[in-house]
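Now for the letters of each chain:
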Amino acid sequence: MDYFALFLDGLCLLVGHGVMHMVFISRLTRKKLKKWYFAAYVLLLGMIQLVSNRLALDGTLPVGAGVLALYGLSRYGMRNQQSVSWLAAVLSYYVSQLSFGIINSVEAALFPRFIGSPLFYLLFLAAQLLFFVLCAGCYYAVRKLLAWTEDSRTPYIGLLLFPGLFFFAAELYILQTAYSFFDPIVSLEEVGKQSTLLLLQVMGLAALLCTLYAYRHLCQGFQARAELQSLTQAARAQKIYIAEAQARYEQTKSFRHDVKNHLSMLDGLLRGGKLEEGREYLKKLETVSESLSFPYQTGNPVVDILLGEKLGLAKEIAAEVSLVLPKPCGIDDFDLCVLFANALDNAISACRANDGAKAIRISGEQQGDFYLLTFENTCSGKPVPPAGTGLSNIRMVAEKYHGAMLAEKNGRQFYLSVLLNTASCNP
């Protein structure tokens, strides 16, 4: 029986703690699991177990040392944040201790009657297997409710450490005070006690999952509020572009209306031999004409103003614009602002992050009822970050007009293609 118990302890240490703890933290934080993490952790666990056996330490101290070891590997090995490392270590140990406690409650109530029978060992092996399955299932549930990346929005993640520590401490207290060696004779009172402990631990697991579920929805609320603020700011800016475009249009219309009067005035000055006055008057007309012109001509005044302002502020970036939007376009000016503003902001930001050449090229091509917009810009060699609010807004515009969006990176070039059905929304 001693060898059998030693075998079970080794199996639990190697798989239940070593493998499952490291895999759980790796997948939870989405960090690659290296072999030396696992080897170092198992070695530390073995040393902790050896010291605790030699010194006959209380079970709480080895568990605390194991949590510290797991925190150290997560913090300094996987380079996770401090709050994330603490929470992941506590959750790892809590889930394994909880799974062990649930199985132990079943064992204490059912197994004593099989003491002395060969079936006793088979039942223990089955219970150990069930422990691994239960532990893996709990880890999976926790990971689904609480998965994050370095750039994901997980505000106040450290607050989850307090309920996590409470659940962990309660489970550790139960394991240290409520369980003992099997008594060959199990009374109804003992069965009732174990059933109560089993119920308490299941309720503890449910409480933890409910806490994580509530936190997940809290994070989604933060994200939705941030996106709403971003969209509100974008809407305000786009309304300004539209208002300015309309003002430019009215000014141009007024200038065209007065062209005949201006030509008559010039004709009168020239006929009267007033050449200097004529030159001065012509210079004034040129100044007015230049103020009404756009650096980029796309056929849409709103897009012209937006391109002029965005690219005008990024003078260090070489820009090439070769597109003429179809008329009638069938695309609302507000949606065009959303599309071009987000695409230009992303392109300019990517160019500025690049140490080498900085260039943006925008082109358009009519393909039947569809119009293909292409944004090409230089970028750094780093991996492309996850799609943010900007690309999501562009995708929504494309889908609104029965089109599609494709973003891809090739070396130090980033390509964004947006296909729009320009006839789908025509009156």
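Quick notes on the rules
- Residues numbered from 1 in each chain as written.
- Predicted model: local features only at pLDDT ≥ 70, side-chain atom pairs only at ≥ 80, totals over all residues.
- Heavy atoms only, no water.
- Helix = DSSP H or I, 4+ residues; strand = E, 2+ residues; numbered from the N terminus.
- Contact = heavy atoms within 4.5 Å.
- Areas by Shrake-Rupley, 256 points an atom, 1.4 Å probe, with all protein chains shown as cover.
- Pairing = 2+ DSSP bridges.
- Axes fitted to C-alpha atoms, helices over the stretch in contact; angles between N-to-C directions.
- Phe/Tyr/Trp six-rings, centres within 6.5 Å; stacked < 30°, edge-to-face > 60°.
- Lys NZ or Arg CZ within 6 Å of the ring centre and 35° of its normal.
- Polar contact = N/O pair within 3.5 Å; in protein donor to acceptor, adjacent residues only side chain to side chain.
- 1 Å grid on protein atoms, 1.4 Å probe; cavity = no way out; pocket = protein on both sides within 12 Å on 5 of 7 lines; lining within 4 Å.
- Points joined across faces, edges and corners; volume = space filled by probe spheres on them.
- Nonpolar A, V, L, I, M, F, W, Y, C, P; charged D, E, K, R; others polar.
- Core = buried A, V, L, I, M, F, W, Y, C linked by side-chain atoms within 4.5 Å.
- Buried < 20%, exposed > 50% of the residue type's maximum accessible area, 1.4 Å probe, protein only.
- Patch = residues over 30% accessible without salt bridge, like charges linked within 9 Å, V, L, I, M, F, W, Y side chains within 5 Å.
- Salt bridge = Lys/Arg side-chain N within 4 Å of Asp/Glu carboxyl O.
- Expected span 1.5 Å × (residues − 1).
- Left-handed = near helix turned anticlockwise from the far one by under 90°.

Student: Report on the overall build of the protein chain, specifying residues and quantitative values.
Tutor: The helix and strand inventory of the protein chain stands at 12 helices and five strands. For the protein chain, the proportion of contacts with a sequence separation of at least 24, taken over those separated by at least 6, is 74%. By element, 62% of the accessible surface of the protein chain is carried by carbon and sulfur atoms, the whole surface being about 24300 Å².

Student: Before we move on, could you go through the sheet that holds strand E2 (residues 359–367) and cite the residues and values that matter?
Tutor: Judged by pairing direction, the sheet is mixed, and its five strands sit side by side in the order E1-E2-E3-E5-E4 without closing on themselves. Every interior strand has two partners, whereas the edge strands, strand E1 (318–322) and strand E4 (404–410), have only one. For this sheet, the mean angle separating the axes of adjacent strands, direction not counted, is 10°. By the bridge criterion, five bridges tie E1 to E2 in an arrangement that is parallel. Looking across to E2, one finds that serine 322 is bridged to serine 363. Against the sheet, helix H11 (residues 333–352) touches E2, strand E3 (370–378) and strand E5 (413–421), its axis set at about 20° to E3.

Student: Talk me through the packing of aromatic side chains; I want residue IDs and the actual numbers.
Tutor: Applying the stated criterion across every chain yields a total of seven aromatic pairs. Just above the ring of tyrosine 76 sits the side chain of arginine 75; from NZ or CZ to the centre is 5.8 Å.

Student: Lay out the side chain of threonine 378 with the relevant residues and their values.
Tutor: Mapping threonine 378 onto the fold places it in strand E3. Among the polar contacts listed, one links the side chain of threonine 378 to the backbone oxygen of alanine 357, at a separation of 2.9 Å. If sequence neighbours within four positions are ignored, threonine 378 has contacts with Ala350, Cys351, Asn354, Ala357, Lys358, Ala359, Arg412 and Gln413.

Student: An account of empty space enclosed by the protein is needed here, citing residue identities and associated values.
Tutor: Unfilled space is identified by rolling a water-sized probe across the atoms. Within this structure, the stated rule accounts for two cavities of 30 Å³ or more. When contributions to the lining of the largest cavity are tallied by element, the ones reaching two or more residues are H11, E3, helix H12 (389–400) and E5. A total of four residues in the lining of the largest cavity trace back to one element, the largest contributor, which is H11. For the lining of the largest cavity, the class distribution of residues is seven nonpolar, three polar and no charged. When its volume is computed, the second largest cavity comes out at roughly 30 Å³. Surrounding the second largest cavity, Leu87, Leu91, Leu160, Pro163, Gly164, Phe167, Leu208, Thr211 and Leu212 form its lining. If you list the elements that add at least two residues to the lining of the second largest cavity, you get helix H4 (82–110), helix H6 (161–178) and helix H7 (188–257). Residue classes in the lining of the second largest cavity are distributed as seven nonpolar, two polar and no charged.

Student: Describe the nonpolar core, listing the residues and the values that go with them.
Tutor: By size, the foremost hydrophobic cluster in this structure holds 50 residues, and its most contacted members are Tyr41, Tyr93 and Leu146. Listing elements by their share of this core, those giving two or more residues are helix H1 (2–29), helix H2 (35–55), helix H3 (60–77), H4, helix H5 (119–145), H6 and H7. The element best represented in this core is H4, accounting for 12 residues. With residues near it in sequence (within four places) discarded, leucine 146 still touches Leu28, Leu87, Leu91, Ile157, Leu160, Leu212 and Tyr215. Counting residues in each nonpolar core, the second largest holds 39 residues, with Leu306, Ala314, Ile360 and Ala398 among its members.

Student: For a nonpolar patch on the surface, give the residues involved together with the corresponding values.
Tutor: Judged by side-chain polarity, Val51, Leu55, Leu57 and Leu61 come together as a nonpolar surface patch covering roughly 370 Å² of accessible area. By the secondary structure assignment, valine 51 is in helix H2.

Student: Please give an account of the pattern of salt bridges that cites residues and values.
Tutor: Counted under the stated rule, the structure contains four salt bridges. Residue lysine 310 is joined to aspartate 345 by a salt bridge in which the shortest nitrogen-to-oxygen separation is 2.8 Å. One end of the pair, lysine 310, is in helix H10 (residues 301–312); the other, aspartate 345, is in helix H11, and 35 residues separate them in sequence. Relative accessible area serves as the criterion here: at 36%, aspartate 345 is assigned to the partly exposed category.

Student: Quick one: what's the story with H10, residue by residue and with numbers?
Tutor: Taking 1.5 Å of rise per residue, 12 residues should cover 16 Å, and H10 covers 16 Å from first to last C-alpha, within 8% of that figure. Taken residue by residue, H10 has Val302, Val303, Asp304, Ile305, Leu306, Leu307, Lys310 and Leu311 as its buried positions. A side-chain oxygen of the first residue of H10 lies 3.1 Å from the backbone nitrogen of valine 303; this N-cap is asparagine 300.

Student: Quick one: what's the story with the packing of H3 against H6, residue by residue and with numbers?
Tutor: Where H3 contacts H6, the axes come no closer than 11 Å and their chain directions differ by 145°. The crossing of H3 and H6 is right-handed. Packed against H3, whose contacting residues are Thr60, Val63 and Val67, the element H6 presents Phe168, Leu172 and Gln176 at the interface. Grouping the constituent residues of the contact of H3 with H6 by class yields four nonpolar, two polar and no charged.

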